[in-house]
Amino acid sequence: MTTGGYSPAIWAGLVGTPLMIAAGQVLFKLTSGTTGEFGLKGLAALMLNPLLLAALAIYGAGTIVWIFVLKAVPLTIGYSFMALTFCFVPVLASVFLGEALTLRYALGAVLIVGGMFVING
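Basis of the calculations
Residues numbered from 1 in each chain as written. Predicted model: local features only at pLDDT ≥ 70, side-chain atom pairs only at ≥ 80, totals over all residues. Heavy atoms only, no water. Axes fitted to C-alpha atoms, helices over the stretch in contact; angles between N-to-C directions. Helix = DSSP H or I, 4+ residues; strand = E, 2+ residues; numbered from the N terminus. Parallel < 35°, antiparallel > 145°, perpendicular 65-115°, else oblique. Left-handed = near helix turned anticlockwise from the far one by under 90°. Contact = heavy atoms within 4.5 Å. Nonpolar A, V, L, I, M, F, W, Y, C, P; charged D, E, K, R; others polar. Polar contact = N/O pair within 3.5 Å; in protein donor to acceptor, adjacent residues only side chain to side chain.

Another point: the packing of helix 1 (residues 8-32) against helix 5 (residues 85-97). In contact at an axis separation of 9 Å, helix 1 and helix 5 are set at 45° when each is read in the N-to-C sense. The pairing of helix 1 with helix 5 is recorded here as oblique in orientation. For helix 1 against helix 5, the interelement crossing comes out right-handed. Contacts between helix 1 and helix 5 involve Val15, Pro18, Leu19, Ile21, Ala22, Ala23, Gln25, Val26, Lys29 and Leu30 from the former and Thr85, Phe88, Val89, Leu92, Ala93, Phe96 and Leu97 from the latter. Grouping the constituent residues of the contact of helix 1 with helix 5 by class yields 14 nonpolar, 2 polar and 1 charged.

Okay, here's the thing in structure tokens:
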């Protein structure tokens, strides 16, 4: 991929933001296992759930990092890196939730990364 002369901090943001989004998704999944009934009481408990608060904090931090990344990188280049979330989420789900990684997943991840090379090459 074309480096465009980006600093290591920008590269960290290009890869780190999708990783933070993926981590937030895993935390959302973990939060879903602790939710009660849909209603005022359940919503109030959900809003105080530490897993949800952590997920929102990670998403928020990722958004702030992303804004600084977009200051240095064209959106057409930067946004292609968001496709990495489709690679990171299954890996994190496997590690933290015990979900299976399959050959189909691996093939899909290779295609996604290959697409990034085509877009950014």
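Note that Thr17 resides in helix 1. Thr17 has contacts with Ala12, Gly62, Val65, Trp66 and Met82, leaving out every residue within four places of it along the chain.

What follows deals with the environment of Thr34. Looking at the element boundaries, Thr34 is found in the loop between helix 1 and helix 2 (40-47). Between the C-alpha atoms of Thr34 and Gly24, which are 10 residues apart in sequence, the distance is 16 Å. Among the polar contacts made by the side chain of Thr34, one reaches the main-chain carbonyl oxygen of Thr31 at a distance of 2.8 Å.

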